[in-house]
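This is what each chain is made of:
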Amino acid sequence: MENKVLKKKLVLKKNILKILTKSLLAIIITLVGLILAKKSPTIKNTIIENVYEKNLNFTKAKELYKKYFGSLLPWEKVVQQEKPVFNEKLTYSAQNTYKDGVALTVEENYLVPALESGIVIFIGEKSDYGNTIIIEQTNGIDVFYSNITFVDLKLYDYIEKGKLLGEAKDNKIYLVFSKEGKYLDYKNYI
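Residues numbered from 1 in each chain as written. Predicted model: local features only at pLDDT ≥ 70, side-chain atom pairs only at ≥ 80, totals over all residues. Heavy atoms only, no water.

Colleague: When you look at the packing of aromatic side chains in this model, what are you seeing that I'm missing?
Modeller: How two aromatic rings sit relative to each other is set out by the distance from centre to centre and by the angle between their planes. Scanning the entire structure with this criterion turns up four aromatic pairs. One aromatic cluster in this structure is built from Tyr98, Tyr129 and Tyr174. Looking at lysine 99, its charged tip hangs above the ring of tyrosine 98, at a distance of 5.9 Å from the centre. Taking NZ or CZ as reference, lysine 126 lies 4.6 Å from the ring centre of phenylalanine 122, over its face. (Phe/Tyr/Trp six-rings, centres within 6.5 Å; stacked < 30°, edge-to-face > 60°. Lys NZ or Arg CZ within 6 Å of the ring centre and 35° of its normal.)

Colleague: I'm lost on the nonpolar core in this one. Help?
Modeller: Here is a general trend for soluble globular proteins: nonpolar side chains tend to be buried in one another's company. Within the largest apolar cluster, 23 residues are counted, with the highest numbers of intra-cluster contacts made by Tyr145, Leu165, Ile173 and Leu175. Of all elements in the fold, only strand S2 (101-105), strand S5 (130-137), strand S6 (142-146), strand S9 (164-168) and strand S10 (172-179) reach the threshold of two or more residues within this core. In terms of residue count, the dominant contributor to this core is S10 (three residues). When residues no more than four places from it in sequence are discounted, the contact partners of leucine 165 are Val112, Pro113, Ala114, Ile133, Ile135, Tyr145, Ile148, Thr149, Phe150, Val151, Leu153 and Ile159. If you look at the next biggest cluster of nonpolar residues, it comprises eight residues, including Ile119, Ile121, Ile134 and Tyr174. (Core = buried A, V, L, I, M, F, W, Y, C linked by side-chain atoms within 4.5 Å. Buried < 20%, exposed > 50% of the residue type's maximum accessible area, 1.4 Å probe, protein only. Helix = DSSP H or I, 4+ residues; strand = E, 2+ residues; numbered from the N terminus. Contact = heavy atoms within 4.5 Å.)

Colleague: Even after reading the chapter, I still don't get the environment of asparagine 171, so can you show me in this structure?
Modeller: Topologically, asparagine 171 is positioned in the loop between S9 and S10. Its relative accessible area of 31% is what places asparagine 171 among the partly exposed residues. Aside from chain neighbours lying at most four places away, what touches asparagine 171 is Leu104, Thr105, Val106, Glu107 and Glu108.

See below:
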């Protein structure tokens, strides 16, 4: 019994040390980047272009982080998974090509689920589409969910697959799939 308690304390100390080390390393890298940006206009322009003018690709950042530092939370596997209240699949009665994606015919007041897990990178109005939520999925594909009323979502929220995104404004929702600025064929994803 005493050995188990001692092992748990050692594991906890090791995990805390990992988190502190990763945090310190992130702070050092950020500070070095800021110093270099101040001294070199080329580096400063590169940072401005990639951070402010382009869409930040969270999937690539997560993959790089995992490759060099491992899991973000060392106890990730220990935490029990919560069971979602709303966990649906996309259902529709008809599909038609619409602009860069597809228009799906759904029931009135249809509750729109997320097709895959990802991060909310846009919430707002898109011309020809209406109210739109864009989610960068964990596989790197950006999905536009349009013609929906929004629920309580905020920019950069992490969304699980099947989570409620909103309600269809009428009996149509529009989906657009893109990766690295190129539109993809919707038939491969719905």
